[in-house]
Amino acid sequence: MTIAKNNSSRLLSFFDEFGKLSIFAVRFFKEVFKPPYEFSELLRQCYNIGIKSLLLVGVTGFIIGLVFTLQSRPTLQEFGAVSWMPSMVGISIIREIGPLVTALICAGRVGSGIGAELGSMRVTEQIDAMDVSGTNPFKYLVVTRVVAATLMLPILTIVGDALALYGSYLVEFNKDDVSLQLYFGEVFSALEFGDLIPSTIKTFFFGFAIGIVGCFKGYNCDKGTVGVGLAANEAVVYTSMLIFILDFIAVLLTDIFYE
Amino acid sequence: MSSNKELTQEKKIVVSIQDLFISFGDNHVLNGFSLELFEGENLVVMGKSGCGKSIMIKCLIGLQSVDSGSINIMGTEIANLEKEQLDDLRTEIGFLFQGSALYDSMSVRENLDFPLRRHTNKFGVLNNTDAMIIEALRSVGLESAIDLMPSELSGGMKRRIALARTLILKPKIILYDEPTTGLDPITSKEIVLLMKSIQETYKTSSIIITHDMDCARAISNRMILLIDGIAYVTGTFEELSKSIDPKVKAFFK
Ligand SMILES: Nc1ncnc2c1ncn2[C@@H]1O[C@H](COP(=O)(O)OP(=O)(O)OP(=O)(O)O)[C@@H](O)[C@H]1O
Ligand SMILES: [Mg+2]
């Protein structure tokens, strides 16, 4: 009885939260096209979110490429299908692993950062101070970060993908002495246009999710330093969940369209 | 005493709050609070921690919505204002936040520059903000800190920089939320002197929220005690300190 009650109240608060997030997102779309634009702050955020995540995304992608190829090589060898390696790696990395891993890494690094930064600004009244000084804090803080995350994630994904493929190539080069041109030629001949477009489009959505959830959590942070930690934490958890859901929807839609 | 009364009566009212009610759920914070601030006056508001002082001055600047009551600032009813009009009015009001609220990610110069970015209606387009920044820093005696980051400043310096940031728009009204709390007695005294000199130089009217008796004695022209969500009693520091009401006496122990 109490468990049911507890669960239903949890479900209710989940929908409450989701509703508030939607209102927050609507507000974003209302403000994003309205002048004045905060270009210099947008550039700064692109740098913070994009350039500063490059190393992490690159290294992770590279290692995933290496490991993925090393792990799947024996199995392919058993079936005498090692020549399929480039196409298999290409398809799985570009379609799925690259976008997903990049988005999850950014949810951890960028989402929590945004949640904590805006949360502490809220708690120490810096957001109120901005409001008083005639700058719309929603525009200055939220819009710039969400736009930057949306624009930067596709770029980060491309970098991650490229390094993962390069890692995979290094393994093949080590074992079979294939040339870079040949390897990448094989990778891209296996890919269709239908692979590239949807997997790029979904990274925009991943970026948007990371930005909007991080901002939502930080901007509406409760009082106190506990609130800031919670904002950062929840930003990561919610964003990761949302990324999986979005990915599922993306795969479903692609499946329908390219049948 | 009577001459003091006459003086205030002929003065213009710059801020007037009437019957303000604010509650958070069952927590009725303000229950019909009223206040009048006269031109050129330093009005001290005192009250127990958590009685709603910060909430009350946040209403004045449109950071907090009210349940009912009217707030009039220099002849404008703020409830009916559009966002732009509110922003224009805000250029006339300086607000010193309880925790200074300097922007952590910006240097002192950028902190002071920030209010100048949008509030250009008041001064026209600005091309030399540096001169204004330096002037504001000079008035708080911290020109040397211009390129430091907030994390490199002490609590007292932060308070001064925050004060410089509120001064930069040359406001007619300044709202101080506990300007001396958390500072040592000597630094507190410096801040009080600074507030006095600001009032004399810029002819501002101020509402000062404080727990600090020395600060209240030094700066107040008039005091209000906020008790149980209303303006319980109003008078000069001497009048209140001689009061025999136990609730008032409790403050002056
Ligand atoms: N956002 C909020 N949601 C719910 N309750 C709030 C909120 N903000 C303030 N309160 C409540 O309003 C009351 C007044 O808060 P306020 O910050 O005005 O106190 P204060 O008089 O400034 O105290 P202090 O001297 O400690 O600064 C407190 O009881 C607080 O719990
Ligand atoms: Mg307070």
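Residues numbered from 1 in each chain as written. Chains lettered and ligands numbered in written order. Predicted model: local features only at pLDDT ≥ 70, side-chain atom pairs only at ≥ 80, totals over all residues. Heavy atoms only, no water.

**Student:** I keep staring at the packing of helix α6 (residues 155-167) of chain B against helix α7 (residues 185-202) of chain B and nothing clicks. Help me out?
**Tutor:** Think of two packed helices as two axes; the pair is described by the angle between the axes and how far apart they sit. Residues and elements named next belong to chain B. Interaxial distance between α6 and α7 falls to 11 Å at its minimum, and their mutual angle equals 10°. Compared by their axis directions, α6 and α7 come out roughly parallel. Relative to α7, the crossing made by α6 is right-handed. Within the contact between the two elements, α6 uses Gly-156, Arg-159, Arg-160, Leu-163 and Leu-167 and α7 uses Thr-187, Glu-190, Ile-191, Leu-194, Ile-198 and Tyr-202. The class makeup of the residues in the contact of α6 with α7 is 6 nonpolar, 2 polar and 3 charged. (Axes fitted to C-alpha atoms, helices over the stretch in contact; angles between N-to-C directions. Helix = DSSP H or I, 4+ residues; strand = E, 2+ residues; numbered from the N terminus. Parallel < 35°, antiparallel > 145°, perpendicular 65-115°, else oblique. Left-handed = near helix turned anticlockwise from the far one by under 90°. Contact = heavy atoms within 4.5 Å. Nonpolar A, V, L, I, M, F, W, Y, C, P; charged D, E, K, R; others polar.)

**Student:** Would you mind going over the pattern of salt bridges with me for this structure?
**Tutor:** Pairing of side chains with opposite charge becomes possible as their charged atoms draw close. Within this structure, the stated rule accounts for 25 salt bridges over all chains. Lys217(A) is the partner of Glu17(A) in a salt bridge, and the nearest nitrogen-oxygen pair spans 2.3 Å. With Glu17(A) in helix α1 (residues 2-32) and Lys217(A) in helix α7 (residues 193-219), this pair connects stretches of sequence that are 200 residues apart. With a shortest N-O distance of 3.2 Å, Asp228(B) and Lys247(B) are connected by a salt bridge. In this pair, Asp228(B) is assigned in the loop between β9 (222-227) and β10 (230-235) and Lys247(B) in helix α10 (residues 246-249), connecting sequence segments 19 residues apart. Classification of Lys247(B) by relative accessible area gives partly exposed; the value is 38%. Salt bridges sharing common partners tie together Asp131(A), Lys83(B), Asp87(B) and Arg90(B). (Salt bridge = Lys/Arg side-chain N within 4 Å of Asp/Glu carboxyl O. Buried < 20%, exposed > 50% of the residue type's maximum accessible area, 1.4 Å probe, protein only.)

**Student:** I would appreciate a short explanation of the coordination of the magnesium ion (ligand 2) in the present structure.
**Tutor:** Ideal geometry at a metal gives 109.5 degrees between four tetrahedral donors and either 90 or 180 degrees between six octahedral ones. Residues and elements named next belong to chain B. Looking at the magnesium ion (ligand 2), the protein donor atoms are Ser-54 (OG) and Gln-98 (OE1), and they sit 1.8 to 2.4 Å from it. Highlighted residues: Ser-54 in helix α2 (residues 53-60) and Gln-98 in the loop between β6 (93-96) and α4 (108-118), separated in sequence by 44 residues. Overall, the relative accessible area of 32% leaves Gln-98 in the partly exposed class. (Donors = N, O, S within 2.8 Å, 3.2 Å for Na, K, Ca; no water.)

**Student:** Mind showing me how you'd approach the interface of chain A and chain B here?
**Tutor:** How big an interface is tends to be stated in terms of the accessible area lost upon association of its parts. Taken together, the contacts link 16 residues of chain A with 22 residues of chain B. Together, the buried faces of chain A and chain B total about 1700 Å²; carbon and sulfur atoms form 52% of this surface. Considering only the surface of chain A that becomes buried against chain B, Glu125(A), Gln126(A) and Val132(A) emerge as the three largest contributors, covering 33% of it. Viewed at the interface, chain B and chain A are joined by 3 salt bridges. (Buried area = accessible area lost by both parts, 1.4 Å probe.)

**Student:** Quick question: what am I supposed to make of the state of the cysteines here?
**Tutor:** Linking two cysteines covalently through their sulfur atoms gives a disulfide. All names here are of chain B. This structure, assessed with the given rule, holds 0 disulfides over all chains. With no disulfide of its own, Cys-51 lies closest to Cys-59 among cysteine sulfurs, the gap being 13 Å. Left without a disulfide partner, Cys-215 is nearest to the cysteine sulfur of Cys-51, which lies 16 Å away. Overall, Cys-215 belongs to the buried group, its relative accessible area being 2%. (Disulfide = S-S within 2.5 Å.)

**Student:** Before we go on, may I ask you to explain the site of ligand 1 in this structure?
**Tutor:** All names here are of chain B. Contacts to ligand 1 come from 14 residues, most closely from Ser-49, Gly-50, Lys-53, Ser-54 and Glu-178. For ligand 1, an oxygen atom lies 2.8 Å from a polar atom in the side chain of Lys-53. Here ligand 1 has 640 Å² of accessible area as a free molecule, and 63% of this is covered by the chains. Mapping ligand 1 onto the cavity grids shows that it belongs to the largest pocket. Of all elements in the fold, only β2 (27-38) and α2 reach the threshold of two or more residues within the shell around ligand 1. Looking at which element gives the most residues to the shell around ligand 1, the answer is α2, with 3 residues. In terms of residue class, the shell around ligand 1 is built from 4 nonpolar, 7 polar and 3 charged. (Near = heavy atom within 4 Å. Polar contact = N/O pair within 3.5 Å; in protein donor to acceptor, adjacent residues only side chain to side chain. Areas by Shrake-Rupley, 256 points an atom, 1.4 Å probe, with all protein chains shown as cover. 1 Å grid on protein atoms, 1.4 Å probe; cavity = no way out; pocket = protein on both sides within 12 Å on 5 of 7 lines; lining within 4 Å. Sits in = over half its atoms within 2 Å of the grid points.)

**Student:** What should I look at first to understand the packing of aromatic side chains in this one?
**Tutor:** When we look at a pair of aromatic rings, we describe it by the centre distance and by the angle of the planes. This model, assessed by the stated rule, comprises 20 aromatic pairs over all chains. With centroids separated by 6.0 Å and ring planes inclined at 55°, the aromatic side chains of Phe24(A) and Tyr219(A) adopt a geometry described as tilted. Separated by 195 residues along the polypeptide, Phe24(A) in helix α1 and Tyr219(A) in helix α7 bring together distant segments of the chain. In this structure Tyr219(A) comes out as buried when scored by relative accessible area, which is 6%. By the ring-pair criterion, three or more aromatic residues cluster together here, those being Phe62(A), Tyr166(A), Tyr169(A), Phe173(A), Tyr183(A), Phe184(A) and Phe188(A). Sitting over the ring of Tyr219(A), Arg122(A) keeps its end group 4.9 Å from the ring centre. Here the basic side chain of Arg165(B) rests over the ring of Tyr103(B), its NZ or CZ set 4.6 Å away from the ring centre. (Phe/Tyr/Trp six-rings, centres within 6.5 Å; stacked < 30°, edge-to-face > 60°. Lys NZ or Arg CZ within 6 Å of the ring centre and 35° of its normal.)

**Student:** Help me out: how do you make sense of the sheet that holds strand β7 (residues 173-177) of chain B in this one?
**Tutor:** Where strands meet in a sheet, backbone hydrogen bonds hold them as pairs that are either parallel or antiparallel. Residue and element names in this part refer to chain B. Ordered by their spatial adjacency, 6 strands build an open sheet running β6-β7-β8-β3-β9-β10, and the pairing between neighbours is mixed. Both edges of this open sheet fall to β6 and β10, since each of them pairs with a single strand only. Averaged over all pairs of adjacent strands, the angle between strand axes in this sheet comes to 15°, irrespective of strand direction. The pairing of β9 with β10 spans 5 bridges and is antiparallel. Bridge pairing in β10 places Leu-226 opposite Ala-231. (Pairing = 2+ DSSP bridges.)

**Student:** Where do I start with the domain arrangement of chain B in this structure?
**Tutor:** Residues and elements named next belong to chain B. If you check the domain split of chain B, you get domain 1 (2-92 + 173-252) and domain 2 (102-170). Relative to domain 2, the C-alpha centre of domain 1 lies at a distance of 24 Å. In this assembly, 18 residues from domain 1 lie in contact with 14 residues from domain 2. Across the domain 1/domain 2 interface, buried area totals approximately 1300 Å², and carbon plus sulfur atoms make up 63% of it. Ranking the residues of domain 1 by area buried against domain 2 places Thr-91, Leu-194 and Tyr-202 at the top, with a combined share of 40%. At the surface where domain 1 touches domain 2, the tally comes to 4 residue pairs in polar contact (both at pLDDT 80 or more). Among the elements of the structure, α3 (83-90), β7 and α7 are those that each provide at least two residues to the side of domain 1 that touches domain 2. (Domains from an automatic or database assignment.)

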